Amino acid sequence: MRHLLKLLLFIPFLSFAQAETPAQANKKLFDRTIDELNFRTFETVYDKHFTRQKYPASLRTAAARREFTNFENNAELQKLFLNYNGVAERYKNRFGGGQLSQAEFEKQLNSVVRDRNFEFFIRGLPRDERSALIRNEERVIKQAVARFNASGDAAAATVPAADEEPEPAMASAPLTTNGTTPAAAPAATETASPATSEPELRTPAGEAAPTAGPGWVGYLTLLSSLGTLGLLGFGLLSVLPELRRLQRRVRELEAQAASQSAYPEPDADDYASEPAEPRPSLFSRLRGSATGELPADNYDDGDEDDELGSHYPTR
């Protein structure tokens, strides 16, 4: 009975000694977040390169990704994935050995999406897909920061902070679209201890990494700008002069209408109401000339004089 009582009293102290500290919980949270960021990066690049295949969802650890070989016999691309897998696993060493504050936690996670090796690994993606991947990973980082245990900020590391490991150089093998062969990449350097070494991505001296094209967003923006410029030129060169001509024509018609209203023309009905004088017929004029009568002394109508004059005999 006495031994049982001692055991019951000793169990709480044993569980308290084995309880996880906030600093340890934050370190595990950091490592899980790094695994999630790396998985999203590998998945996006793989799915873009192999449009008919899907990156397995079970490859969420570096060890599992190291055993993955389904690259359709593309040895250069497989080597590139293996090299970045080793480099990406080193991101976990950026937190846990020095400051354990939430600010340091967030800073080291954000440094992943600004790492040169990360930028080189995703450079084969179109610009819009790269932006979407970075936004998704930033969302994962914010969720991890929200789960950070702030009580572990004051916890100090038991060992002095180690110097930050220099970032490895960038890789040289470009990612290409499906159906093309990427450029040859140099073999990964190996250290004396294969158990602790990881392959690095390197760039040959004097070789510049090619950049991706502008993507469909850039081309759409260019076409929209050209269309806007064309419409503006059409309006200035064609529509605007025609509008000015129509305005001048309208002003001329208005001025003409105003002048006609000031001096009204006589109505045609006034002339129609006056009775026309009867004109002598041709037989009456001939009859008068046969009897020797002189024509009437009438000089009002010049046309009649011309007609009658043609019937008088010349002397």
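Bear in mind that the values here come from a model prediction, so they are computed numbers and not experimental data.

### Side note on the overall build of the chain
Reasoning step 1: When helices and strands are counted, the chain shows 11 helices and zero strands.
Reasoning step 2: Taken from the N to the C terminus, the helices and strands of the chain come in the order α-α-α-α-α-α-α-α-α-α-α.
Reasoning step 3: The buried share among the 315 residues of the chain stands at 24%.
Reasoning step 4: Long-range contacts, defined here as pairs at least 24 residues apart, represent 71% of the contacts in the chain between residues at least 6 apart.
Reasoning step 5: Only carbon and sulfur atoms are counted for the fraction: they give 57% of the accessible area of the chain, which is about 22100 Å².

### Section: the packing of aromatic side chains
Reasoning step 1: Under the definition given, this model contains 19 aromatic pairs.
Reasoning step 2: The interplanar angle of 45° and the centroid separation of 4.8 Å between the aromatic rings of Y46 and F50 together place this pair among those described as tilted.
Reasoning step 3: Classification of Y46 as buried rests on a relative accessible area of 0%.
Reasoning step 4: Here Y84 and F121 contribute two aromatic rings whose centre-to-centre distance is 4.4 Å and whose plane-to-plane angle is 10°, an arrangement assigned as stacked. Highlighted residues: Y84 in helix α4 (residues 75-89) and F121 in helix α6 (residues 116-121), separated in sequence by 37 residues.
Reasoning step 5: Connected via pairs of aromatic rings, a cluster forms that spans F39, F42, Y46, F50, Y55, F68, F71, F81, Y84 and F121.

### Observations concerning helix α5 (residues 102-110)
Reasoning step 1: Burial in α5 covers these residues: E104, F105, Q108 and L109. Buried positions in α5, seen along its axis, are confined to an arc of 130° and lie on one side of it. Residues of α5 that are exposed and angled more than 90 degrees away from the buried face: A103 and K107.
Reasoning step 2: Packed against the buried residues of α5 are α2 (22-49) and α7 (127-146).

### A few points about the nonpolar core
Reasoning step 1: Membership of the largest hydrophobic core comes to 38 residues, with the highest contact counts inside it found for F81, Y91, F105 and F121.
Reasoning step 2: Every element with two or more residues in this core is listed here: α2, α4, α5, α6 and α7.
Reasoning step 3: For this core, the element with the highest residue contribution is α2, accounting for nine residues.
Reasoning step 4: Once you skip the residues sitting within four places of it in the chain, F105 turns out to touch N26, L29, F30, F95, A144, V145 and F148.

### Quick look at the packing of α2 against α4
Reasoning step 1: The geometry of α2 relative to α4 is characterised by a closest axis approach of 11 Å and an angle of 165° between their N-to-C directions. With respect to their mutual orientation, α2 and α4 come out roughly antiparallel. You can see that α2 and α4 cross each other, and the crossing is right-handed. Of the residues in α4, those touching α2 at I34, D35, N38, T41, F42, V45, Y46 and H49 are L77, F81, Y84, N85, A88 and E89.
Reasoning step 2: For the contact of α2 with α4, a count of residues per class yields eight nonpolar, four polar and two charged.

Cut-offs applied
Residues numbered from 1 in each chain as written. Predicted model: local features only at pLDDT ≥ 70, side-chain atom pairs only at ≥ 80, totals over all residues. Heavy atoms only, no water. Helix = DSSP H or I, 4+ residues; strand = E, 2+ residues; numbered from the N terminus. Buried < 20%, exposed > 50% of the residue type's maximum accessible area, 1.4 Å probe, protein only. Contact = heavy atoms within 4.5 Å. Areas by Shrake-Rupley, 256 points an atom, 1.4 Å probe, with all protein chains shown as cover. Phe/Tyr/Trp six-rings, centres within 6.5 Å; stacked < 30°, edge-to-face > 60°. Arc of directions from axis to C-beta. Core = buried A, V, L, I, M, F, W, Y, C linked by side-chain atoms within 4.5 Å. Axes fitted to C-alpha atoms, helices over the stretch in contact; angles between N-to-C directions. Parallel < 35°, antiparallel > 145°, perpendicular 65-115°, else oblique. Left-handed = near helix turned anticlockwise from the far one by under 90°. Nonpolar A, V, L, I, M, F, W, Y, C, P; charged D, E, K, R; others polar.

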